[in-house]
Amino acid sequence: MRTIEYLTSADLAGLYWPIVLAGAAVALCCSALSVLVVLRRLAFIGQGVSHAAFGGVGIAALLGLASLGGATHELAMLAIVLCFCIAAALAIARFGDEHQADTAIGIVLAGAMALGVVLIDLAARRALARGEPAPAGVESVLFGSFTSVTETTAWIAWIVALIVVGGLWLGRRQIVFWAFDPGACEAFGLERARLRAVVMVLLALAIVVTMRLAGVILATALLVLPGAIALRLSRRWVTVLALAHAAGLLGVLGGLVLSFEADLQPGPSVVGVLLVLLAAASLAPKIKA
Amino acid sequence: MAEAAIEFCDVSFRYPQQDRDALQGIRLVVERGERLGILGPNGGGKSTLLKLAMGLLTPTSGSVRVLGLSPEQARREGRIASVAQRPTAELAFPLSVRQVVRMPIGARVAPWRRVPEANERRVERAIALVGATAYADRPIGALSGGQLQRVLIARAIACHPEILVLDEPTVGVDVSGQRQFAEMLARLHSELDLTIVIVSHDLRAIAAGCDRVACLNRTLHSHTAPDGLTPQVLAEVFSHDVEAIFGEVHIDAHAASACDDPRHQQRSGADS
């Protein structure tokens, strides 16, 4: 099996273990959020926030960050993209509940994408004129790149995953109350707007780290499918959370194994495995416990 | 004289970009321990008045005090609780009735602590008081409208508020359901020593469950006991088509006492 070879060979382990570890971190933070994303119908907001990354990537490319090496490049890129995503998330959150946020999402999505495409194109032309290698193109932002994952990426992914999961755990009682009944949580003295903003920031964090690996388009899939799978299997909160984590981890790790074995793109392989799990969950009876 | 639960002092309120006040010069005192009904037509400002009492809106002029505090403070301290007309709850959540009732209590507990045993007992008592024990473990999405209404009231009283505010609690509830609802409110009122404010356009709901009625249509028209809801008073409050309203709610001059009379229910059922 290629997977075993990649992970045990002295030459290849250094390349492939960071991919597996970063993938596990992404699965952890996306699964934790995906139940809320599905139930509170935040998937379209996730799309808007993830597309805001284009603007960040464009600015990073124009600043020539692609020519910097290693961890500095990685951190600078992520910081800029994160700023864009959080700004987009908070802008959308200001519009109130999701029914009113559609317009804001549409504006953020179109504006950031247009800005990103223009800036990436400008950066590519400038690099060409200087005889430097072209920065990562639009395609790498759309579909991500597991193969460029380094040890630093894996570290960042785990730190972000712990922040997201830790934030959700600390605010779990208020966040679940807000997500279940936003109107009532305000009437019971909770800050509805603040809770929404917290969830938006956690969503932006998860999206940034996911899109580095799986791209903008597949980040949305990872934020929806684990929750959708779990909700088809159970009607108990704790069971649903556990199943979402299991589905997310199985989808990401299973997808990586599939991509190693069949020499496929990792991102689509992950989504493919998750879709198979969703189909299986739709046929399975609900778990009572 | 009992200490005031809620005081509205010359309160006016106008929504942004509107050219007239939703409420004008409201002076109203809700005494502690009373059950006040606020009756009025749709668009008469009833829900706005409740939102002002909850501190979810701020008066354009005048002031509101709740148990001697600002409405926001009373709400944050959990001394006033409400059940909204249209719940915003997402019923697809995989939560049991018990988990939903526990939510406001749990939200006040530090994340690293378990919900104390005493609070769990309050949750169980609230569920029992609204008669929801039989379905306490059922998923929230599997309840009927009437059962959901009871669960939301249990959630509101589980925090031991001193004032319970209900916005159109009997919308879509049939005659027998309204009677059970009135009995449940009477039980809550006596066992928890609650001040209850009910807002409704439904005369029967107000007459059956309240000690006093305030008639509201942008301004406060009258305060009266339920049996003082004469056709003249109602004509003034609803300002038009009073005959149609009478037909809709089947009320006569003896509405209040008739609501407790099974014969009235039979007649109402036959009429509808």
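Anything mentioned here points back to the structure above.
J.: An account of the pattern of salt bridges is needed here, citing residue identities and associated values.
T.: One pass over the structure, following the stated rule, counts 18 salt bridges over all chains. Here Arg 41 of chain A makes a salt bridge to Glu 90 of chain B, at a shortest N to O gap of 2.7 Å. Highlighted residues: Arg 41 of chain A in the loop between helix H2 (13-39) and helix H3 (43-62) and Glu 90 of chain B in the loop between strand E5 (80-83) and helix H3 (97-106), drawn from two different chains. When its relative accessible area of 12% is taken as the criterion, Glu 90 of chain B is described as buried. Among the ionic pairs, Glu 34 of chain B bridges to Arg 212 of chain B, the shortest N-O distance being 2.7 Å.

J.: Describe the interface of chain A and chain B, listing the residues and the values that go with them.
T.: The interface is formed by 27 residues belonging to chain A together with 35 residues belonging to chain B. Interface of chain A and chain B: buried area, both sides summed, is about 2600 Å²; carbon and sulfur atoms make up 61% of it. When the buried area of chain A at its contact with chain B is split by residue, Arg 173, Phe 180 and Phe 188 of chain A rank highest and sum to 33% of it. Put simply, chain A and chain B have 3 salt bridges between them. Taken together, the links from chain A to chain B amount to 13 residue pairs in polar contact (both at pLDDT 80 or more). When the residues that make up the side of chain A that touches chain B are grouped by side-chain class, the tally is 15 nonpolar, 3 polar and 9 charged.

J.: Describe the nonpolar core, listing the residues and the values that go with them.
T.: A general tendency of soluble globular proteins is for nonpolar side chains to be buried together. With 144 residues, the main nonpolar core has Val 101, Ile 153, Ile 157, Leu 166 and Leu 188 of chain B as its most contacted residues. The two domains that each donate at least three residues to this core are domain 1 (4-79 + 162-271) and domain 2 (85-160) of chain B.

J.: Lay out the pairing of strand E8 (residues 212-217) of chain B with the relevant residues and their values.
T.: Residues and elements named next belong to chain B. In terms of burial, E8 is a largely internal element, 6 of the 6 residues being buried. The two faces of E8 match: Arg 212, Ala 214 and Leu 216 on one face and Val 213, Cys 215 and Asn 217 on the other face are all buried. In terms of strand pairing, strand E3 (residues 35-39) meets E8 through 4 bridges, oriented parallel. Residue Gly 37 lies in a different strand from E8, and its bridge partner there is Val 213.

J.: With reference to specific residues and values, describe the packing of helix H7 (residues 151-170) of chain A against helix H10 (residues 192-233) of chain A.
T.: Residue and element names in this part refer to chain A. It is the contact of H7 with H10, at a shortest axis distance of 10 Å, that shows an interaxial angle of 155 degrees. Regarding the angle of H7 to H10, the classification is roughly antiparallel. Note on packing geometry: the crossing formed by H7 with H10 is left-handed. Taken together, the residues of H10 that come into contact with H7 (itself represented by Thr 153, Ala 157, Val 160, Ile 163, Val 164, Gly 167 and Leu 168) are Leu 202, Leu 205, Ala 206, Val 209, Arg 212 and Leu 213. Residues that form the contact of H7 with H10 fall into these classes: 10 nonpolar, 2 polar and 1 charged.

J.: How would you summarise the layout of surface pockets if you had to cite specific residues and measurements?
T.: The computed volume of the second largest pocket comes to approximately 770 Å³. As for the second largest pocket, its lining consists of 25 residues, of which Arg 172, Arg 173, Val 176, Trp 237 and Leu 241 of chain A are closest to the centre. Elements that contribute at least two residues to the lining of the second largest pocket include exactly H2, H7, helix H8 (172-180) and helix H11 (237-262) of chain A together with H3 and helix H4 (117-129) of chain B. Split by residue class, the lining of the second largest pocket holds 16 nonpolar, 3 polar and 6 charged.

J.: Break down empty space enclosed by the protein for me, with residues and values.
T.: Residue and element names in this part refer to chain B. Following the criterion strictly, the structure yields 3 cavities of 30 Å³ or more and no others. Considering only enclosed or pocket space, the largest cavity measures out at about 70 Å³ in volume. Taken together, Pro 169, Thr 170, Gln 178, Phe 181, Ala 182, Leu 185, Ile 198, Ala 205, Ala 208 and Gly 209 make up the lining of the largest cavity. Residue assignment for the lining of the largest cavity shows that the elements contributing at least two residues are helix H6 (175-192) and helix H7 (203-209). It is H6 that provides the largest number of residues to the lining of the largest cavity, a total of 4 residues. Partitioning the lining of the largest cavity into residue classes produces 7 nonpolar, 3 polar and no charged. The computed volume of the second largest cavity comes to approximately 40 Å³. If you trace the second largest cavity, you find it lined by Arg 122, Arg 125, Ala 126, Leu 129, Ile 157, His 160 and Leu 192. Of the residues belonging to the lining of the second largest cavity, the class tally is 4 nonpolar, 1 polar and 2 charged.

J.: So what's going on with the packing of aromatic side chains? Residues and values would help.
T.: A complete count under the given rule lists 7 aromatic pairs over all chains for this structure. Each ring, one from Tyr 6 of chain A and one from Phe 260 of chain A, has its centre 5.5 Å from the other, and the planes form 80 degrees; the classification is edge-to-face. Taken together, the residues Tyr 6 of chain A in helix H1 (residues 2-8) and Phe 260 of chain A in helix H11 connect sequence positions 254 residues apart. One exposure class covers both Tyr 6 of chain A and Phe 260 of chain A, and it is buried. Summarising the aromatic geometry, the rings of Trp 237 of chain A and Phe 93 of chain B are spaced 5.8 Å apart at their centres and angled 15 degrees between planes, so their arrangement reads as stacked. You can see Trp 237 of chain A sitting in helix H11 and its partner Phe 93 of chain B sitting in the loop between E5 and H3, one on each of two chains. By relative accessible area, which is 12% here, Trp 237 of chain A ends up buried. Classification of Phe 93 of chain B as buried rests on a relative accessible area of 2%.

J.: Describe a nonpolar patch on the surface, naming the residues involved and giving the relevant values.
T.: All names here are of chain A. On the surface, a nonpolar cluster with roughly 380 Å² of combined accessible area is contributed by Trp 17, Leu 21, Trp 158 and Leu 162. For the nonpolar patch, the elements supplying multiple residues, two or more each, are H2 and H7. Mapped onto the secondary structure, Leu 162 falls in helix H7.

J.: An account of the packing of H11 of chain A against helix H12 (residues 266-283) of chain A is requested, with residue identities and associated values reported.
T.: Residues and elements named next belong to chain A. For the pair H11 and H12, interaxial distance at closest approach is 7 Å and the crossing angle is 130 degrees. With respect to H12, the axis of H11 lies oblique. Judged by the sense of rotation from one axis to the other, the crossing of H11 with H12 is right-handed. Packed against H11, whose contacting residues are Ala 247, Gly 248, Leu 250, Gly 251, Val 252, Gly 254, Gly 255, Leu 256, Leu 258 and Ser 259, the element H12 presents Pro 266, Ser 269, Val 270, Val 273, Leu 274 and Leu 277 at the interface. Each residue belonging to the contact of H11 with H12 can be placed in one class, and the counts come to 10 nonpolar, 6 polar and no charged.

J.: Break down unusual backbone geometry for me, citing the residues and quoting the values.
T.: With phi around 55 degrees, Arg 41 of chain A is a residue other than glycine that occupies positive phi space. Judged by its relative accessible area of 55%, Arg 41 of chain A falls in the exposed class. Located in the positive-phi region is Gln 17 of chain B, a residue other than glycine, with phi close to 65 degrees. Among the structural elements, Gln 17 of chain B can be located in the loop between strand E1 (4-13) and strand E2 (23-31).

Here is what the cut-offs are and how they apply
For every chain, the first residue of the written sequence is number 1, and numbering continues from 1 along that sequence. All chains are assigned letters beginning with A, and all ligands numbers beginning with 1, in the order in which they are written. Local features in this predicted model are restricted to residues of pLDDT 70 or higher, and side-chain atom pairs are both shown and tallied only at a pLDDT of 80 or more, whereas totals for entire chains, interfaces and linings draw on every residue. No hydrogens and no water enter the side-chain calculation; it runs on all heavy atoms of the structure. Whenever Lys or Arg places a side-chain nitrogen within 4 Å of a carboxyl oxygen from Asp or Glu, that contact is recorded as a salt bridge. Put simply, DSSP H or I for four residues or longer makes a helix, DSSP E for two residues or longer makes a strand, and each gets a number counted from the N terminus. Burial status follows relative accessibility: with a 1.4 Å probe on protein chains alone, a residue under 20% of its type maximum counts as buried, one over 50% as exposed, and anything between as partly exposed. It only takes one pair of heavy atoms within 4.5 Å for two residues to be counted as in contact. Reported buried area values correspond to the accessible surface (1.4 Å probe) lost by two parts on association, with both partners' losses combined. Whenever two N or O atoms come within 3.5 Å, that pair is a polar contact, provided that in protein one can donate a hydrogen and the other can accept it, and provided that, for residues adjacent in sequence, both atoms are side-chain atoms. Amino acids are sorted into nonpolar (Ala, Val, Leu, Ile, Met, Phe, Trp, Tyr, Cys and Pro), charged (Asp, Glu, Lys and Arg) and polar (every other residue, Gly among them). Remark: nonpolar core denotes a set of buried residues (Ala, Val, Leu, Ile, Met, Phe, Trp, Tyr, Cys) joined through side-chain atoms within 4.5 Å. An automatic or database domain assignment supplies the residue ranges for each domain. Only when DSSP finds a minimum of two bridges between them are two strands counted as paired. In this description, a line fitted to the C-alpha atoms serves as the axis of each element, helices being fitted only across the stretch in contact, and the angle between N-to-C directions of two axes falls anywhere from 0 to 180 degrees. Angles below 35 degrees are treated as roughly parallel, those above 145 as roughly antiparallel, those between 65 and 115 as roughly perpendicular, and all remaining angles as oblique. Here a crossing is called left-handed whenever its near helix is offset anticlockwise from the far helix by less than a right angle, and right-handed whenever the offset is clockwise. Think of a 1 Å grid over the protein atoms and nothing else: a 1.4 Å probe that fits but is trapped marks a cavity, an open set flanked by protein within 12 Å on at least five of seven lines marks a pocket, and residues with an atom within 4 Å of a point count as lining. Grid points are joined across faces, edges and corners, and a volume is the space filled by probe spheres set on the points. In this scheme Phe, Tyr and Trp rings, the latter by its six-membered ring, pair at centre separations within 6.5 Å, and the angle between planes marks the pair as stacked below 30 degrees, edge-to-face above 60, and tilted otherwise. Patch members must show over 30% relative accessible area and no salt bridge, and they are joined within 9 Å when carrying like charges or within 5 Å when they are nonpolar side chains of Val, Leu, Ile, Met, Phe, Trp or Tyr. For every accessible area listed, the method is Shrake-Rupley and the probe measures 1.4 Å; residues are considered covered only by the protein chains on display.

Limitation: the analysis is restricted to geometry and does not speak to function.
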